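Coordinates in review
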Amino acid sequence: MRVQRRLKAASRSPAAVRLVGRLIFEALRGLRASQREAEGSSDFRAILHARHPAIVALWHGQHLLAPFFRPRELPYLALLSRSADAEINAAVVERFGIETVRGSGGRVREAASEKGGVRALLRMKRALDEGFGICMIADVPKGTPREAGLGIVTLARLSGRPIVPSAAVTSRRRVLEKTWDKTTIPLPFGRIAVVMEEPIFVPPDAGADEMEAIRARLTLAIERANRRAAELADRKTNH
């Protein structure tokens with residue numbers, strides 16, 4: 001047990017995190033270079049330029065593809081959890097030129113004390129005010145997968161900025177069925193489809209009932225984008 005604890009501690013040391021983060025970054029960069037764009041994909045560059053700064057919403061399990069559809073010329077900040085494992089995610093994301101903030105944006109009330117959810121939301125609101133786009137996972141960690149939480153809706157209400165429901169799927173992929181969010185590992189030499197739905201705005205005076213209605217609407221929009229992206233990626237041939 002002592003040896004296992006030492007190995008676990010060593011794997012989470014700053015040097016190990018940097019090394020693993022760099023290896024994953026290089027692998028993802030090579031993976032992206034091997035992908036062809038699926039016909040029918042959204043023009044994400046034009047959409048994100050037109051709506052900037054926007055809140056780009058996607059599901060857990062697709063986070064490895066998020067850097068693939070962020071225009072490099074636009075500044076972005078991503079919300080990551082406060083878990084120890086998120087250190088590696090942060091190392092990867094930051095190598096893509098995306099800033100990070102820690103917290104849980106899904107459970108607004110529960111996150112206030114333990115996970116820094118309120119602080120994270122305020123930091124993201126400030127970033128939007130400063131001209132940063134936000135990349136945010138919409139569903140709540142360890143909650144119901146593919147069901148948007150209220151955190152992202154709250155951020156849109158506070159900031160006045162639109163939520164862009166988004167999805168990215170590669171034709172060659174491996175789904176980790178035993179993970180709670182069905183994490184998808186993209187594989188090289190395939191097609192990538194990116195789909196973005198119409199933006200969703202949240203009125204600044206939205207009450208609890210309206211917030212819940214928008215949350216449900218957002219859930220449907222992201223899932224619709226996800227299904228469409230899978231259809232485009234899985235087409236046998238492009239015409």
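Small disclaimer: the values here were computed from a predicted structure and weren't measured.

**Concerning the pairing of strand β6 (residues 163-170)**
The buried count for β6 comes to eight of eight residues, which makes it a mostly enclosed element. Burial of β6 is two-sided: the residues Ile163, Pro165, Ala167 and Val169 facing one way and the residues Val164, Ser166, Ala168 and Thr170 facing the other way are all buried. As defined by bridge partners, strand β2 (residues 55-58) adjoins β6 across three bridges and the pair is classed as parallel. Within β6, the position partnered with Ile55 by the bridge is Ile163. Pairing of β6 with strand β9 (residues 191-196) involves five bridges; the strand directions are antiparallel. Counterpart to Ser166 in the pairing with β9 is Met196.

**Things to note about the side chain of Gln62**
Mapped onto the secondary structure, Gln62 falls in the loop between β2 and β3 (76-80). Of the polar contacts made by the side chain of Gln62, one reaches the side chain of Asn226; its length is 2.4 Å. What Gln62 contacts, discounting residues up to four positions off in sequence, is Ala167, Ala168, Val169 and Asn226.

**Thoughts on helix α7 (residues 150-159)**
A large share of α7 lies buried, amounting to seven of its ten residues. Three or more residues of α7 are buried, namely Gly151, Ile152, Val153, Thr154, Leu155, Ala156 and Ser159. Just downstream of α7, Gly160 is the residue with a positive phi angle, here 75°.

**So, the environment of Asp139**
By secondary structure assignment, the location of Asp139 is in the loop between β5 (133-137) and α7. We classify Asp139 as buried; its relative accessible area is 2%. Measuring from C-alpha to C-alpha, the distance between Asp139 and Ile152 comes to 9.0 Å, with 13 residues separating the pair along the chain. Contact partners of Asp139, with chain neighbours within four places excluded, come to Leu58, Trp59, His60, Thr144, Pro145, Arg146, Glu147, Ala148, Gly149 and Trp180. At 2.9 Å, the side chain of Asp139 forms a polar contact with the backbone nitrogen of His60.

**A closer look at the packing of aromatic side chains**
A full pass over the atoms with the stated rule returns two aromatic pairs. Ring geometry for Phe25 versus Phe96: centroids 4.8 Å apart, planes at 70°, classification edge-to-face. With Phe25 in helix α2 (residues 14-33) and Phe96 in the loop between α4 (86-95) and β4 (99-102), this pair connects stretches of sequence that are 71 residues apart. By relative accessible area, which is 8% here, Phe96 ends up buried. For the pair Phe44 and Phe69, a centre-to-centre distance of 6.4 Å together with 75° between the ring planes defines the contact as edge-to-face. Taken together, the positions of Phe44 in helix α3 (residues 44-51) and Phe69 in the loop between β2 and β3 put the pair 25 residues apart, joining distant regions of the chain.

**So, the pattern of salt bridges**
The full count for this structure, using the stated rule, is ten salt bridges. Note that Arg123 and Glu99 form a salt bridge whose closest N and O atoms lie 3.8 Å from each other. Taken together, the residues span a long stretch of sequence, with Arg123 in helix α6 (residues 117-129) and Glu99 in strand β4 at a distance of 24 residues. Since its relative accessible area comes to 23%, Arg123 is described here as partly exposed. Exposure remark for Glu99: the relative accessible area of 38% places this residue in the partly exposed category. Two residues, Arg215 and Glu212, come together in a salt bridge whose shortest N-O distance is 2.7 Å. Of the two residues, Arg215 and Glu212 are both situated in helix α8 (residues 208-233); the distance of three residues between them amounts to about one turn of the helix.

**Details of the nonpolar core**
Residues Ile55, Met124, Ile134, Met136, Ile152 and Leu218 are the most contacted members of the largest nonpolar core, which totals 29 residues. For this core, the secondary structure elements donating two or more residues are β2, β3, α6, β5, α7 and α8. With 27 residues, the next largest nonpolar core counts Leu28, Leu64, Leu65 and Ile98 among its residues.

**Focus: the sheet that holds β3**
One open sheet holds the seven strands; their spatial order is β1-β9-β6-β2-β5-β3-β4, and the pairing between them is mixed. Looking at strand neighbours, the two that pair on one side only are β1 (36-37) and β4, the edges of this open sheet. Judged from the three bridges that link them, β3 and β5 form a sheet pairing that is parallel. Among the inter-strand pairings, Ala78 is bridged to a residue of β5, identified as Cys135. Each of β2, β3, β6 and β9 is contacted by α3, which is oriented at about 30° to β9, the strand it contacts most. Along the sheet, α4 makes contact with β3 and β4, crossing β4 at roughly 155°.

Calculation notes
The numbers attached to residues start from 1 for each chain and follow its sequence in the written order. Whole-chain, interface and lining totals are the exception, using all residues; otherwise, since this is a predicted model, local features are given only for residues with pLDDT of at least 70 and side-chain atom pairs are given and counted only at 80 or more. In computing side-chain properties, one takes all heavy atoms of the structure into account and sets aside hydrogens as well as water. The buried label applies to any residue whose accessible area, calculated with a 1.4 Å probe on protein chains only, is under 20% of its type's maximum; exposed applies above 50%, and partly exposed to all values in between. Here a strand is any run of E in DSSP of at least two residues, a helix any run of H or I of at least four, and the numbering for each starts at the N terminus. Whether two strands pair comes down to DSSP finding at least two bridges between them. A 3.5 Å cut-off defines polar contacts: any pair of N or O atoms within that distance qualifies, except that in protein one atom must be a possible hydrogen donor and the other a possible acceptor, and neighbouring residues in sequence count only when both atoms are side-chain atoms. Any two residues whose heavy atoms approach within 4.5 Å are treated as being in contact. Note on aromatic pairs: the rings of Phe, Tyr and Trp (six-membered ring only in Trp) are paired at centre separations within 6.5 Å, and the planes decide the class, stacked below 30 degrees, edge-to-face beyond 60, tilted for the rest. By convention in these notes, a salt bridge is any Lys or Arg side-chain nitrogen within 4 Å of a carboxyl oxygen on Asp or Glu. Think of a nonpolar core as a cluster: buried Ala, Val, Leu, Ile, Met, Phe, Trp, Tyr and Cys residues, connected wherever their side-chain atoms sit within 4.5 Å. Geometry is summarised by axes, namely lines fitted to C-alpha atoms with helices restricted to the contacting stretch, and by angles between N-to-C directions that run from 0 to 180 degrees.

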